[in-house]
Amino acid sequence: MRSTTIKDVAKKAGVSAATASRVLSGHSATSEDARKAVREAAAELGFRPNAQARSLRKTSTQTIGLLLPDIRNPFFADLAHAVEQRASEFGYLTLFGNANESQDQQERYLDVMLSQRVDGLIAAPQGEARSLVGLLAGEVPTVFVDRVVDGAAVPGVTADNAGGIADAVRHLTAGGHRRIGYIAGPQSTSTGRERLQSFRAAVAETGADDDADLVFLGDFQSASGAAGARQLLDLPVPPTALLAADSLMSIGAVGVCNERGLAIGTDIAFVAYDDIEAFTLLNPALTVIAHDVHAMGRLAVDLLIAEIAGESPESVVLPSRLIVRGSTPSLPGGNPA
């Protein structure tokens, strides 16, 4: 008669094999419902975990997991490269997971990474990321990068979102722009929330038009950047400047301006968040809110290595800076729109 396996328990409990394994090995990064279902299924099937397999959890695999929101985003591609290169300097291999801006896909990758016994995890989390918060009391060292989970006591490396957005709005208003269209990121992410809050604060500070119609909620995808640009440019009194909260949405918005025959830097001003190489190749090159993505990736690895060694590293906030290029001219005469 075939012995009961972990896959049998997982199937009966209605969870993944990785989740069942985490429950039965005592890992805390699981929900109460999952723990109850797995334990009941194991008892009913008479499953007994293999002691030798459990002991393998204590062996270093010299691997770390890197869980990113969207590998198509040039910013995250650069971040992945920086993490991988820095990790290799410490003798670690990096397992990559592309969450595709989806909490469900994020959790599937997390299950796989934990089942592969990674020594640590670097993540730019999606939404509330309850599964990542569960790692706080768990056994896998974790560092957040670029994004964080509110209330989670996990060290992270982030950028000064408030300073960068404020500098951009001040730059535009100094050039006479008062109607500034803002294409925001999803409010389910810390970066989306922080940048929108910073934009609203900067609008209040500078006296720019505080018009709710000038804000479009996107999702950090190119298509939402295009949708946002269309909606903002179709307003009865359209903005004279656009500010997009990440590189992919900026690409989508630039495409719409081109479709409509609007010359960026002449007919409309444009600021993008993140300084990717493609933005320097446009004519004119785009004004951007930049921070050092390579430093962010390397620091995230340094914090994780410290955690793996049993230390308690502090979070790091990297400065942002506005790089002014030809896409943000002043209005003729510097007069407000």
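The following refers to the structure shown.

The rules behind the values
- Residues numbered from 1 in each chain as written.
- Predicted model: local features only at pLDDT ≥ 70, side-chain atom pairs only at ≥ 80, totals over all residues.
- Heavy atoms only, no water.
- Phe/Tyr/Trp six-rings, centres within 6.5 Å; stacked < 30°, edge-to-face > 60°.
- Helix = DSSP H or I, 4+ residues; strand = E, 2+ residues; numbered from the N terminus.
- Buried < 20%, exposed > 50% of the residue type's maximum accessible area, 1.4 Å probe, protein only.
- 1 Å grid on protein atoms, 1.4 Å probe; cavity = no way out; pocket = protein on both sides within 12 Å on 5 of 7 lines; lining within 4 Å.
- Points joined across faces, edges and corners; volume = space filled by probe spheres on them.
- Nonpolar A, V, L, I, M, F, W, Y, C, P; charged D, E, K, R; others polar.
- Pairing = 2+ DSSP bridges.
- Axes fitted to C-alpha atoms, helices over the stretch in contact; angles between N-to-C directions.
- Polar contact = N/O pair within 3.5 Å; in protein donor to acceptor, adjacent residues only side chain to side chain.
- Contact = heavy atoms within 4.5 Å.
- Salt bridge = Lys/Arg side-chain N within 4 Å of Asp/Glu carboxyl O.
- Left-handed = near helix turned anticlockwise from the far one by under 90°.

**Some remarks on the packing of aromatic side chains**
1) Next: Applying the stated criterion across every chain yields a total of 2 aromatic pairs.
2) Next: Here Phe-75 and Phe-76 contribute two aromatic rings whose centre-to-centre distance is 5.1 Å and whose plane-to-plane angle is 75°, an arrangement assigned as edge-to-face.
3) Next: With 4.4 Å between their ring centres and 10° between their planes, Tyr-182 and Phe-199 make a pair best called stacked. Residue Tyr-182 is found in strand 6 (residues 180-184), and its partner Phe-199 is found in helix 9 (residues 190-206); the two are separated by 17 residues along the sequence. Take Tyr-182 and Phe-199: they sit in the same class, and that class is buried.

**Notes on empty space enclosed by the protein**
1) Next: Under the counting rule described, the total for this entry stands at 1 cavity of 30 Å³ or more.
2) Next: Its boundaries defined by the atoms lining it, the largest cavity holds a volume of some 60 Å³.
3) Next: As for the largest cavity, its lining consists of Asn-73, Phe-75, Phe-76, Asp-146, Arg-147, Thr-191, Arg-195, Phe-220, Asp-246 and Asp-274.
4) Next: Put simply, the parts of the chain that give the lining of the largest cavity at least two residues each are helix 5 (74-89) and helix 9.
5) Next: When grouped by side-chain class, the residues that make up the lining of the largest cavity number 3 nonpolar, 2 polar and 5 charged.

**What to know about the sheet that holds strand 11 (residues 316-318)**
1) Next: Strand order in the open sheet formed by 6 strands is 2-1-3-4-5-11, with parallel pairing between adjacent strands. Looking along the sheet, the strands with just one partner apiece sit at the ends: strand 2 (93-98) and strand 11. For this sheet, the mean inter-axis angle between neighbouring strands, taken without regard to orientation, is 15°.
2) Next: In this structure, strand 1 (residues 63-68) lies alongside strand 3 (residues 120-123), joined through 4 bridges in parallel fashion. The residue bridging Gly-65 from the neighbouring strand is Leu-121, located in strand 3.

**A short note on the side chain of Ser-320**
1) Next: Tracing the sequence through the fold places Ser-320 in the loop between strand 11 and strand 12 (321-323).
2) Next: Of the residues examined, Ser-320 reaches a relative accessible area of 13% and is grouped as buried.
3) Next: Polar contacts involving the side chain of Ser-320 include one to the main-chain carbonyl oxygen of Asp-160, which spans 3.0 Å.
4) Next: When sequence neighbours within four positions are dropped, the list of residues in contact with Ser-320 reads Ala-159, Asp-160, Asn-161, Gly-164, Tyr-273, Ile-289, Ala-290 and His-291.

**Remarks on the environment of Gly-225**
1) Next: With respect to the helices and strands, Gly-225 occurs in helix 10 (residues 222-233).
2) Next: A C-alpha to C-alpha distance of 9.0 Å links Gly-225 and Asp-246, two positions 21 residues apart in sequence.
3) Next: Leaving out residues up to four positions away in the same chain, Gly-225 has contacts with Ile-183, Met-249, Gly-252 and Ala-253.

**Some details on the pattern of salt bridges**
1) Next: Following the criterion strictly, the structure yields 13 salt bridges and no others.
2) Next: The shortest N-O distance in the salt bridge between Asp-167 and Arg-170 comes to 3.1 Å. With Asp-167 and Arg-170 both in helix 8 (residues 161-174) and 3 residues apart, the pair spans about one turn of that helix.
3) Next: Between Arg-179 and Asp-209 there is a salt bridge, and its shortest N-O distance comes to 3.4 Å. A residue pair is termed long-range when its members are at least 10 positions apart, and Arg-179 in the loop between helix 8 and strand 6 and Asp-209 in the loop between helix 9 and strand 7 (215-217) qualify at 30 residues.
4) Next: A cluster of three or more residues bridged by salt bridges with shared partners is formed by Arg-86, Glu-89, Arg-298 and Asp-302.

**Quick word on the sheet that holds strand 7**
1) Next: The strand order across the open sheet formed by 6 strands is 7-6-8-9-10-12, and the pairing between neighbours is mixed. With partners counted over all chains shown, the strands left at the sheet margins are strand 7 and strand 12, one partner each. Neighbouring strand axes in the sheet, compared pairwise and without regard to direction, differ in orientation by 15° on average.
2) Next: Relative to strand 10 (residues 287-290), strand 9 (residues 269-273) runs parallel, the two sharing 3 bridges. Directly across from Val-271, in strand 10, lies its bridge partner Thr-287.
3) Next: Seen against the sheet, helix 8 touches strand 6, strand 8 (241-244), strand 9, strand 10 and strand 12 and runs at an angle of roughly 175° to strand 9.
4) Next: Running at roughly 165° to strand 6, helix 9 makes contact with strand 6, strand 7, strand 8 and strand 9 of the sheet.

**A few points about the packing of helix 8 against helix 9**
1) Next: Between helix 8 and helix 9, the shortest axis-to-axis distance is 8 Å and the interhelical angle comes to 35°. You can see that helix 8 and helix 9 cross each other, and the crossing is right-handed. Counting all contacts with helix 8, which are made through Asn-161, Ala-162, Ile-165, Ala-166, Val-169, Arg-170 and Thr-173, the residues of helix 9 involved are Thr-191, Glu-194, Arg-195, Ser-198, Phe-199, Ala-202, Val-203, Glu-205 and Thr-206.
2) Next: For the contact of helix 8 with helix 9, the residue count by class is 7 nonpolar, 5 polar and 4 charged.

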